[in-house]
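Residue strings, one per chain:
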Amino acid sequence: MPTEVQEETLTLEEILASLKEMHRLILWNDDVNTFEHVIYCMMKYLDYSESQGEKIAWKVHNEGKCAVLEGSFTEMEVYRKILQQEGLTVTVD
């Protein structure tokens with residue numbers, strides 16, 4: 001019996017919309033990094049104020065994780081690599 005293949009057609013708008021899908025950079029809690037280091041990294045690499053960095057550090061500490069940035073997958077990968085080089089535990093969602 002022959003296999004039936006169903007072809008899917010997407011419009012240019014649908015393709016472009018899928019490319020613009022937003023991804024999140026997630027910072028995870030760990031037992032290694034200090035509050036000061038997390039705040040420093042948020043300020044240096046993500047342009048957060050000290051107060052914003054402190055809020056992020058507390059959220060990560062209390063909830064286990066925090067979305068710290070949104071954007072394209074490629075952009076989030078760049079920041080993920082930078083923050084991982086600083087010793088932070090980050091993933092792209």
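The protein chain goes by ATP-dependent Clp protease adaptor protein ClpS in an unreviewed UniProt entry, where it is assigned to Mucilaginibacter terrae.

Trainee: Where do I start with the packing of helix 2 (residues 35-46) against helix 3 (residues 50-63) in this structure?
Mentor: Helices that pack against each other are described as a pair by the angle of their axes relative to one another and the distance between those axes. Close contact between helix 2 and helix 3 brings their axes to 8 Å; oriented N to C, the two are set at 130°. The angle between helix 2 and helix 3 falls in the class oblique. Pair helix 2 / helix 3 crosses with right-handed handedness. For the pair formed by helix 2 and helix 3, the contact residues are Phe 35, Val 38, Ile 39, Met 42 and Met 43 on the first element and Glu 50, Gly 53, Glu 54, Ile 56, Ala 57, Trp 58 and His 61 on the second. When its residues are assigned to classes, the contact of helix 2 with helix 3 shows 8 nonpolar, 2 polar and 2 charged.

Rules used in this analysis
Residues numbered from 1 in each chain as written. Predicted model: local features only at pLDDT ≥ 70, side-chain atom pairs only at ≥ 80, totals over all residues. Heavy atoms only, no water. Axes fitted to C-alpha atoms, helices over the stretch in contact; angles between N-to-C directions. Helix = DSSP H or I, 4+ residues; strand = E, 2+ residues; numbered from the N terminus. Parallel < 35°, antiparallel > 145°, perpendicular 65-115°, else oblique. Left-handed = near helix turned anticlockwise from the far one by under 90°. Contact = heavy atoms within 4.5 Å. Nonpolar A, V, L, I, M, F, W, Y, C, P; charged D, E, K, R; others polar.

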